[in-house]
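# Reading the structure
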Amino acid sequence: MKLNPQQAPLYGDSVITVQLTEEDKVEDDVVFYLVFTGSTVQHCTSTRKINPGSLETISPGHDCCETVKVALCASREGHPVLIVAEESFQFVQDEAYDAAQFLATCAGNQQALNFTRFLDRSRPPAADVDFLDEKVALAFRHLNLPAEWNVLGADQSLTEDIPRETLMHFAVRLGLLRLTWFLLQQPGGRGALSIHNNEGATPVSLALERGYLKLHQLLTEEEAKEPDSWGTLSHTVHSGDYSVKHHRGLDVYMLTAEA
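Conventions and cut-offs
Residues numbered from 1 in each chain as written. Predicted model: local features only at pLDDT ≥ 70, side-chain atom pairs only at ≥ 80, totals over all residues. Heavy atoms only, no water. Pairing = 2+ DSSP bridges. Helix = DSSP H or I, 4+ residues; strand = E, 2+ residues; numbered from the N terminus. Axes fitted to C-alpha atoms, helices over the stretch in contact; angles between N-to-C directions. Domains from an automatic or database assignment. Buried area = accessible area lost by both parts, 1.4 Å probe. Salt bridge = Lys/Arg side-chain N within 4 Å of Asp/Glu carboxyl O. Polar contact = N/O pair within 3.5 Å; in protein donor to acceptor, adjacent residues only side chain to side chain. Nonpolar A, V, L, I, M, F, W, Y, C, P; charged D, E, K, R; others polar. Buried < 20%, exposed > 50% of the residue type's maximum accessible area, 1.4 Å probe, protein only. Patch = residues over 30% accessible without salt bridge, like charges linked within 9 Å, V, L, I, M, F, W, Y side chains within 5 Å. Areas by Shrake-Rupley, 256 points an atom, 1.4 Å probe, with all protein chains shown as cover.

## Focus on the sheet that holds strand β1 (residues 2-4)
One open sheet accounts for 4 strands, arranged β1-β3-β7-β6; its pairing is antiparallel. In the strand order of this sheet, the two ends are held by β1 and β6 (48-51), each with one partner. Taking the axes of each pair of neighbouring strands and ignoring which way they run, one obtains an average angle of 30 degrees across the sheet. Looking at chain direction, β1 and strand β3 (residues 15-19) are connected through 3 bridges and run antiparallel. From the neighbouring strand, N4 faces β3, where its bridge partner is T17.

## Quick word on the domain arrangement of the chain
Segmenting the chain into domains produces domain 1 (2-93 + 232-258) and domain 2 (95-220). Once you take the C-alpha centre of each, domain 1 and domain 2 turn out to be 33 Å apart. Three residues stand out in domain 1 for area buried against domain 2, namely Y11, Q93 and L233, and they jointly supply 69% of the buried area on that side. Linking domain 1 with domain 2 are 0 salt bridges. Scanning the region where domain 1 abuts domain 2 turns up 4 residue pairs in polar contact (both at pLDDT 80 or more). A class-by-class count of the residues in the side of domain 1 that touches domain 2 yields 3 nonpolar, 4 polar and 1 charged.

## Concerning the sheet that holds strand β11 (residues 242-247)
Hydrogen bonding along the main chain pairs the strands of a sheet, whether they run parallel or antiparallel. Strands sit in the order β2-β9-β8-β4-β5-β12-β11-β10 across an open sheet of 8 strands; the sheet is mixed. Looking at which strands have only one partner, the edges of the open sheet turn out to be β2 (7-9) and β10 (234-239). Averaged over neighbouring strand pairs, the angle between their axes works out to 25 degrees when direction is ignored. Inspection of the sheet shows strand β4 (residues 31-37) paired to strand β5 (residues 41-46) by 5 bridges, in the antiparallel sense.

## Comments concerning the pattern of salt bridges
Two side chains bearing opposite charge may form a pair once their charged atoms approach each other closely. Under the criterion given, the structure shown has 6 salt bridges. Between K245 and D13 there is a salt bridge, and its shortest N-O distance comes to 3.8 Å. With a gap of 232 residues between them, K245 in strand β11 and D13 in the loop between β2 and β3 connect regions that are remote in the sequence. Taken as a pair, K245 and D13 share a single burial class, namely buried. One network of salt bridges, in which partners are shared, links D130, D133 and R178.

## Some words on a nonpolar patch on the surface
Residues Y242, V244, Y253 and L255 make up a contiguous nonpolar surface patch of about 380 Å² in total accessible area. Among the elements of the structure, β11 and β12 (252-258) are those that each provide at least two residues to the nonpolar patch.

## Let's talk about unusual backbone geometry
Note the cis peptide between N4 and P5, where omega equals 0 degrees. Inspection of the secondary structure assignment puts P5 in the loop between β1 and β2. We note that D13 has phi near 65 degrees; this positive angle belongs to a residue other than glycine. Of the residues examined, D13 reaches a relative accessible area of 7% and is grouped as buried. The phi dihedral of D251 falls on the positive side, at around 55 degrees, and the residue is not glycine. Take D251: it is sitting in the loop between β11 and β12.

Shown next, in the form of structure tokens:
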């Protein structure tokens, strides 16, 4: 088998194509799945058949940067599970993960948040913003945030009357719909909507001023739903040391457990 690509970011959710060799191909009623074995965790993913020689799956989110072993397994009713082929695969920390880590540590840090405003003066094209939004939000979702983490930072003694920049201002200013949605679900997310920065703008007024209508709707409607573009991404359910993830776009399932 040949995996394409042969690496994925730590937060996963990227498409992996599995090219089968002649030696890998077996009977039509066989179900293929991949087992990723790392140093501390193991992932088992189902696959979707594209054609007789190709499969598709979704990369799992991993716990550290490392090269793991991937086994292509074949399952057939009434027969033992076979390991058809093995390959190496690498999990890496990319720029989106670095950005998410930086932003997570910026919560409440006025010097750092004011520094991020330089991005507004060289606003990237819409396509780049959309790519940035998806990747950074996915990475943020994968971070192991401490239980006390808050969108407004560690100092909860500050009142809403004190003008300050927030992570929500940052996300709205750049039109990051998915990241805004993620922050809204976190502690302090809703409270950030009414905080004015030093220019007197709230995240809500910024969205309206910049013409981000979908974003403004997301911030002002009580029953606002998650962005449509996230409807195809993975939904994760945790249970003890196990987690099950369903990628709704490809209808692929992933089971993650301690190795």
